[in-house]
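# Summary of structural features
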Amino acid sequence: MTVSILIFLPLLAAAALFLVKNDWAKHIALVATLAELVITGVLISKFNPNTSFPQMDSTAPWIPQIGAYFVVALDGLNIIPVLLTALVLPLIILSTYKHQYDNRAKAFYALILFMQAGMTTVFLAMDGFLFYVGWEAALIPIYFICGMWGGENRVKITLKFFIYTFAGSLFMLAGLIYLYLHNPNGTFDSSDFYNLQLSLKEQSWLFWAFFLAFAIKVPIFPFHTWQPDTYTEAPAAGSMLLSGVMLKMGLYGMVRWMIPILPLGFNQWYPLAITLAVVGIVYASIIAFKQKDGKRLIAYSSIAHVGLISAAILALNWNGLQGAMIQMLSHGINVVGLFIVWDIISRKMNTRDITQLGGIAKVAPVFATCFLIITLGAVALPLTNGFVGEFLLLSGIYDYNIILVAIAGLTIILGAVYMLRMYKGVMQGPTNDLTIQFTDVTGTDKWVLIIISALVIVIGVYPQPILHLSDAGVRDFIHFMTEKMSATGSNTLPVTK
């Protein structure tokens, strides 16, 4: 069995949706995503975590005239993003069960499945052209999901989001074409790109071409302005797809493509890139303090969290990269859970204004318990899934610069304050005329929150199996970068121990 099945299964399921009635669309989408999760579990059970070599790979000619091949594989760098994608998609589908999409349900769920195929392609691709196609293939479905099922300002906001991300993609495409034209083997193969000998000047502008694409997708300050509006206006499932999985494409792209291909360019510009990421942490945390809209608050908190992940990746050491790997998984679970919480509140109360809520814990104990567990995971309380990742991230940045880690560490303090204040404002205190009508979660709402809460605790208590999956890949990546920089005569990289 090869990993290519993870790309084609959601595509086939999406096509099958158009053969059934709208009423069956969500059930078939759920079955398809559960099947994808089971297959991912089988593949991971066969994965050898003690080696960094690509496994369960699949190679086929695609457009050989331009050197583009369908090359996909699983290794220590992409196994966790692939797991994340397979894990959260059934939860997202399940969270939509109480929404009505009427005669467009087939289109809605087909777009989600198409997007899953695109994101999985991005994570599995070992060919630059395939990576770019997957990158764009994931963008198109979310554009229609947000544009067709979003809020009142969905058209204007979605257009801004599309222009931002598409413009960034074009910079990356220009970079890929440049690499292709300078590859004597005439392919887009990542291994060939790793062996290119480009000058510092060439690598410098290529670094910014790739960094712009990835920084917009993550997003990193000051390329973040599309994100809060888009997350707020998007339908709940769209916000979950964007924040839970899609932004990880940018983080993963830095590790797989930007840093190893352009070591000299990275060496020249990483101090500025890390500084931007840390500035974004503080900026987003301060803005989050002022938010009364719960969904918008989660959007800004996400910018702060992924800014920390970005800074740790750019610090380029084992702690930082391992922290980034497990935190990509934890952040994806937590932020999907938080958007589900706000979707339930919005659906039941017809408002997301924190100041209009309060006392819900008194009338909805199951909802209150799950909301609290997910919030504690998001603020990285020990024994929750956020703790291990954020500890490693800060440790990695500390190895690079003690001043930056002091500033970046504010994300934990500030995050705890505004997240717990949000929880207090929504759940505690007396009920009012509005919240007295809140009823506790039942059915799919209840089960999806229980599953996410269980994941927060299980990963927090015993993270070793997740860390083991990426350990060898991260160690060999650091070793590869150390040798590569030594060969170029540069020794000014961040800590590479």
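Residues numbered from 1 in each chain as written. Predicted model: local features only at pLDDT ≥ 70, side-chain atom pairs only at ≥ 80, totals over all residues. Heavy atoms only, no water.

In the nomenclature of an unreviewed UniProt entry, the protein chain is known as NADH dehydrogenase subunit M of Mucilaginibacter yixingensis. Looking at the Sequence similarities (unreviewed entry) heading of the UniProt record, one finds this comment for the protein chain: "Belongs to the complex I subunit 4 family." (UniProt positions renumbered as here; feature names shortened; annotations may be inferred.)

### What about a nonpolar patch on the surface?
Residues Tyr 398, Ile 402, Ile 403, Ile 407, Leu 410, Ile 413 and Val 417 make up a contiguous nonpolar surface patch of roughly 650 Å² in combined accessible area. Of all elements in the fold, only α17 (402-408) and α18 (410-427) reach the threshold of two or more residues within the nonpolar patch. Along the chain, Ile 413 turns up in helix α18. (Patch = residues over 30% accessible without salt bridge, like charges linked within 9 Å, V, L, I, M, F, W, Y side chains within 5 Å. Areas by Shrake-Rupley, 256 points an atom, 1.4 Å probe, with all protein chains shown as cover. Salt bridge = Lys/Arg side-chain N within 4 Å of Asp/Glu carboxyl O. Helix = DSSP H or I, 4+ residues; strand = E, 2+ residues; numbered from the N terminus.)

### Brief notes about the nonpolar core
Counting residues in hydrophobic clusters, the biggest one holds 184 residues, and the most contacted among them are Tyr 109, Met 119, Ile 142, Phe 211, Phe 367, Val 426 and Leu 449. Apart from residues no more than four positions distant in its own chain, Phe 367 is found in contact with Val 341, Ile 344, Ile 345, Ile 360, Met 427, Phe 438, Asp 440, Val 441 and Leu 449. (Core = buried A, V, L, I, M, F, W, Y, C linked by side-chain atoms within 4.5 Å. Buried < 20%, exposed > 50% of the residue type's maximum accessible area, 1.4 Å probe, protein only. Contact = heavy atoms within 4.5 Å.)

### Some details on unusual backbone geometry
Put simply, Val 218 and Pro 219 share a cis peptide bond, and its omega is -5 degrees. Tracing the chain through its elements places Pro 219 in the loop between α8 (200-217) and α9 (226-233). In this structure, the amide linkage connecting Phe 221 to the following residue, Pro 222, adopts the cis form with an omega of 0 degrees. Along the chain, the position of Pro 222 falls in the loop between α8 and α9. Even without a glycine there, the phi angle at Leu 316 is positive, about 55 degrees. With relative accessibility at 0%, the residue Leu 316 sits in the buried group. Residues other than glycine seldom take positive phi values, yet Ala 380 does so here, at roughly 65 degrees.

### Points about the side chain of Asp 229
Within the fold, Asp 229 resides in helix α9. Leave out the neighbours within four places in its chain, and Asp 229 touches Ile 157, Lys 160 and Arg 296.

### Brief notes about the packing of aromatic side chains
For the coordinates displayed, the defined rule picks out 36 aromatic pairs. Measuring from ring centre to ring centre gives 5.3 Å for Tyr 143 and Phe 144, while their planes differ by 80 degrees; the resulting arrangement is edge-to-face. The class of Tyr 143 is partly exposed, set by a relative accessible area of 26%. Members of the aromatic cluster, each reached through a chain of ring pairs, are Trp 62, Phe 129, Tyr 180, Phe 188 and Phe 193. Positioned over the ring face of Tyr 97 is Lys 26, at 4.8 Å from the centre of the ring. (Phe/Tyr/Trp six-rings, centres within 6.5 Å; stacked < 30°, edge-to-face > 60°. Lys NZ or Arg CZ within 6 Å of the ring centre and 35° of its normal.)

### Here we look at the pairing of strand β2 (residues 68-74)
Summarising burial for β2: 6 of the 7 residues are buried, a large majority. As defined by bridge partners, strand β1 (residues 55-63) adjoins β2 across 6 bridges and the pair is classed as antiparallel. Among the inter-strand pairings, Pro 61 is bridged to a residue of β2, identified as Tyr 69. From the end of β1 to the start of β2, which pair antiparallel, there are 4 residues, and Gly 67 there has a positive phi angle of about 75 degrees. (Pairing = 2+ DSSP bridges.)

### Side note on the pattern of salt bridges
One pass over the structure, following the stated rule, counts 8 salt bridges. Arg 352 is the partner of Asp 293 in a salt bridge, and the nearest nitrogen-oxygen pair spans 3.0 Å. Residue Asp 293 is found in the loop between α11 (263-289) and α12 (294-315), and its partner Arg 352 is found in the loop between α13 (318-349) and α14 (360-363); the two are separated by 59 residues along the sequence. Across the pair Arg 475 and Asp 471 runs a salt bridge, and its minimum N-O distance is 3.1 Å. Pair noted here: Arg 475 and Asp 471 are both in helix α20 (residues 464-487), with a separation of 4 residues, about one helical turn. Its relative accessible area of 45% is what places Arg 475 among the partly exposed residues.

### Describing the environment of Ser 45
Along the chain, Ser 45 falls in helix α2 (residues 22-46). On the accessibility criterion, Ser 45 (59% relative accessible area) is exposed. C-alpha separation for the pair Ser 45 and Ser 169, spaced 124 residues apart in sequence, amounts to 34 Å. From its side chain, Ser 45 meets the backbone oxygen of Val 42 in a polar contact 2.5 Å long. (Polar contact = N/O pair within 3.5 Å; in protein donor to acceptor, adjacent residues only side chain to side chain.)

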